[in-house]
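Fold and geometry: a report
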Number of protein chains: 4
Amino acid sequence: MDKRQLIIEAAIELFCLNGFDKTSTSAICTKANVSKGLVFHHFKNKNELLREAFATIATVVEEVSGKIDMTGQPKDRLLSLINTIFDSMAQPEHRRLYQFNFNVMMQPSTREIIADLIAERSQFQRGIVGSIFSAISEENSHIRSLLFIAEIDGIAMHYLFSEEEFPLDLIREQFIKKYCEP
Amino acid sequence: MDKRQLIIEAAIELFCLNGFDKTSTSAICTKANVSKGLVFHHFKNKNELLREAFATIATVVEEVSGKIDMTGQPKDRLLSLINTIFDSMAQPEHRRLYQFNFNVMMQPSTREIIADLIAERSQFQRGIVGSIFSAISEENSHIRSLLFIAEIDGIAMHYLFSEEEFPLDLIREQFIKKYCEP
Amino acid sequence: MDKRQLIIEAAIELFCLNGFDKTSTSAICTKANVSKGLVFHHFKNKNELLREAFATIATVVEEVSGKIDMTGQPKDRLLSLINTIFDSMAQPEHRRLYQFNFNVMMQPSTREIIADLIAERSQFQRGIVGSIFSAISEENSHIRSLLFIAEIDGIAMHYLFSEEEFPLDLIREQFIKKYCEP
Amino acid sequence: MDKRQLIIEAAIELFCLNGFDKTSTSAICTKANVSKGLVFHHFKNKNELLREAFATIATVVEEVSGKIDMTGQPKDRLLSLINTIFDSMAQPEHRRLYQFNFNVMMQPSTREIIADLIAERSQFQRGIVGSIFSAISEENSHIRSLLFIAEIDGIAMHYLFSEEEFPLDLIREQFIKKYCEP
DNA sequence: GATGAATGAGAATTCATTCAT
DNA sequence: TATGAATGAATTCTCATTCAT
């Protein structure tokens, strides 16, 4: 019954569905069943609501990271990392969340609003991936990490926005082959 | 002195800079130094202007494709493809164009408007990449093509939107190593 | 001090004076001394405002109907009906209201918006007139009612829109002679 | 192939269908297959086009008047008048024309534009009807004429704008009974 | 904390009309 | 006579935000 939370949840749902710009505060109010005044009582402005929504979503990402098996050999950790990421991507309930992520990050106007949160998360990701890659081999580990993350994002992007089939499982197989069986 | 063209160019510039939604027709008029009426005389909608802008940009992409050296051995063609893409990406005057591309494609509202143009271009890309990959090896060539395109897009995305340095040349080197020297 | 009501009243006044299409929402705002936003806060559309205005006017019509003396003999009731209608028509403060009525009903675009309200009122009128005519004589009472209503509307129309004199009192006399002294 | 005439015809058709205000000059151009410039070359402005259209329609009215049998006895002439009017009203190809007439005359903004043409036609009508009524009986003939015309217009109005059936033939019968068999 | 009336800036779009060719 | 590019004012409507209660 925390109305603040209710508003955030309504906002996330609508931002994911229609994008930030195409979601009016009115629509959020209707969805959350609260008055306009209350939204601006809890949040300084609409931008603040975007930050809050983005931060909430970041939680999901962190939860996913927690599922990586970091106990085995470096190579096994890499495999676990890849599989965890692909599993998360394939989850239908994550689809819109990830789409929203891309949406917000590719839009100059929205990206600006959450620039610091993006940087933070980026560092977090690089930390995890970097630790695995440097354990496998020091050589170029930084570059290899950056490349890996970029490739993953590319795959996610294509998977999330392709209406025609993007065969994620075959892609995963191929991707694993490249990274784990050279 | 073709005002229609002037409008398109102004639109592209502003769409690239601020995104479609954040660019008002008024702003385009001001930039192109024409009246509001003229925009709607030449283009049915703001949407139509987006399509026109997107199509114009597609030309750039096709020009780039023309630069690929398709005469040599399959492996050489792949190398030429990769280098051509990275070269284009690195060109400062292409930066905003490509950013605009991602921006428009990740936004549900704008993506819808140009869905057909996206599909068309996607097929074009797959044709070129597919021909090279199947020449190298029939096995999984389709999947390998899809993966390749996705990875490229991921790299482009990270390069284009990273304010901090994304070392494109080192990434290119690493990427080539993976694809051309196994 | 109810601004919603203020807007409706301003709208009626202007719709009556200039017609619906020729009345801009801005003009209504100015007249009602409210902001543009408020009109659309209270009414979904300009159309909704038309409906509201038309409904308000319908009230006047119903009030008039309440003045008919329904106690006497059928013939007396008919006389009362006719006199009540002509009295209402002749009232200067009703003039614009009735003009607006015709205006809105003869315009395909506006008629459509209030089609249901027109139908409702039409039934109401037919109910009253029909009850009187069938009390006078069952024979053809339905047709005679329709004809009566049409004739009344024709008279109203000519009276309301004639700039040169339309001698309403003599017309009334003649009309009564036809209906009440055959 | 007289383009001027073509424009008028297109205008009439569209004015009848959608009303004057809801018909843009562009629409007329499209329909007449001519350029915007040409319309304003032939007609000073849109209002002039309305006048031209209204005048053209007036011709139809006059043609109808020519069909009245003015040879017989006054009573027979009245009967012929009534029948001619009802016949014309019932013609499907006249329906929109008459609707347009009412539309234009009930709208303050359009009525003003053609005020003189309305007055002219009104006099014409009164002349014909008046001559018949005064031939029947001098007493009150002016008033009886005015009332007759008003009643006819009322009937026309109800017939033309009633979507539900308005039984024109039964109404005609009843109307004739009133006027011709007392 | 909670409401919703109220604001005002700004958006896309329409349209009659002008004018150079 | 004929075209259609060009204008600019006007229109409906949206929306983030404020504020009195």
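In every chain, residue numbers begin from 1 and rise along the written sequence. Each chain is given a letter, starting from A, and each ligand a number, starting from 1, according to the order in which they appear as written. Under the rules for a predicted model, residues below a pLDDT of 70 receive no local features and side-chain atom pairs below 80 are neither given nor counted, while totals for whole chains, interfaces and linings still include all residues. Water and hydrogen atoms were dropped before computing side-chain values, which therefore reflect all heavy atoms in the structure.

**Here's the deal with the relation of the copies chain D and chain C**
For the pair chain D and chain C, the best superposition has an RMSD of 0.1 Å and corresponds to a rotation of 180° with a translation of 0.0 Å parallel to the axis. Taken together, these values place the two copies in the relation of a two-fold axis. Relative to the rotation axis, the closest C-alpha in chain D is found at D:Gly154, a distance of 1.7 Å. Mapped onto chain C, 100% of the interface residues of chain D are again interface residues, and the two copies thus contact each other with one and the same surface. The atoms used to superpose the copies are C-alpha atoms, taken from residues with pLDDT of at least 70 in both, and the fit is least squares. A contact between two residues is defined here by any heavy atoms of the two lying within 4.5 Å.

**Digging into the interface of chain A and chain B**
If you look at the interface, chain A gives 39 residues, while chain B gives 39 residues. Across the chain A/chain B interface, buried area totals approximately 3,400 Å², and carbon plus sulfur atoms make up 63% of it. A simple way to read buried area is as the amount of 1.4 Å-probe accessible surface that goes missing from two parts once joined, with both sides added. The largest per-residue losses of area from chain A upon contact with chain B belong to A:Met106, A:Ile143 and A:Leu147, which jointly make up 17% of the total buried on that side. Whenever a carboxyl oxygen of Asp or Glu lies within 4 Å of a side-chain nitrogen of Lys or Arg, that contact is scored as a salt bridge. Our count for the contact surface shared by chain A and chain B stands at four salt bridges. Linking B:Lys22 and A:Asp21 is a salt bridge whose minimum nitrogen-to-oxygen distance equals 3.6 Å. In the analysis that follows, any N or O atom pair within 3.5 Å is treated as a polar contact, provided that within protein one partner can donate a hydrogen and the other can accept it, and provided that, for residues neighboring in sequence, both atoms belong to side chains. At the boundary of chain A and chain B, one finds ten residue pairs in polar contact (both at pLDDT 80 or more). Here a helix means four or more residues in a row that DSSP labels H or I, a strand means two or more in a row labelled E, and each is numbered from the N terminus. Among the secondary structure elements, those contributing two or more residues to the side of chain A that touches chain B are α1 (3-18), α6 (92-106), α7 (108-113), α9 (141-161) and α10 (168-180) of chain A. Counting residues per element, the side of chain A that touches chain B draws most heavily on α9(A), at 13 residues. Here the residues of the side of chain A that touches chain B sort into 19 nonpolar, nine polar and eleven charged. The residue classification treats Ala, Val, Leu, Ile, Met, Phe, Trp, Tyr, Cys and Pro as nonpolar and Asp, Glu, Lys and Arg as charged. All others, Gly included, are polar.

**What to know about the packing of aromatic side chains**
What counts as a ring pair is set by centres within 6.5 Å for rings of Phe, Tyr and Trp (its six-membered ring), and what kind of pair is set by the plane angle: stacked under 30 degrees, edge-to-face over 60, tilted for all other angles. Summed over the entire model, instances satisfying the criterion amount to 36 aromatic pairs over all chains. Look at B:Phe86 and B:Phe175: their rings are 6.0 Å apart centre to centre, the planes differ by 50°, and that puts the pair in the tilted class. Of the two residues, B:Phe86 sits in helix α5 (residues 74-90) while B:Phe175 sits in helix α10 (residues 168-180), which places them 89 residues apart along the sequence. Relative accessible area decides the class of each residue, using a 1.4 Å probe on protein chains only: under 20% of the type maximum gives buried, over 50% gives exposed, and in between gives partly exposed. Under the relative-accessibility criterion, B:Phe86 is labelled buried at 0%. Through a chain of ring-to-ring contacts, the aromatic side chains of A:Phe86, A:Phe133, A:Phe148, A:Phe175 and A:Tyr179 assemble into a single cluster. Note that C:Arg95 overlies the ring of C:Tyr159, its terminal NZ or CZ placed 4.9 Å from the centroid. Charge-over-ring placement is defined geometrically: NZ (Lys) or CZ (Arg) within 6 Å of the ring centre, and within 35 degrees of the ring normal.

**Digging into the UniProt feature "domain: HTH tetR-type" (unreviewed entry) in chain A**
UniProt positions are given in the numbering used here, feature names are shortened, and annotations may be inferred rather than shown by experiment. On the UniProt side, "domain: HTH tetR-type" (unreviewed entry) is annotated at positions that read residues 1-61 of chain A here. Annotation note: span residues 1-61 of chain A, helix share 77%, strand share 0%, distance between end C-alpha atoms 25 Å.

**Structural notes on the protein's contact with DNA strand F**
Any residue with a heavy atom lying within 4 Å of a molecule or strand is counted as near it. Around DNA strand F, the structure places 29 residues, and the nearest of them are A:Thr25, B:His41, C:Lys46, D:Gly37 and D:His41. Of all atoms in DNA strand F that approach within 4 Å of the protein, 61% are sugar or phosphate atoms. Here a phosphate oxygen of DNA strand F sits 2.9 Å away from a polar atom, N or O, in the side chain of A:Lys46. Elements with a minimum of two residues in the surface near DNA strand F: α3 (36-42) of chain A, α3 (36-42) of chain B, α3 (36-42) of chain C together with α3 (36-42) of chain D.

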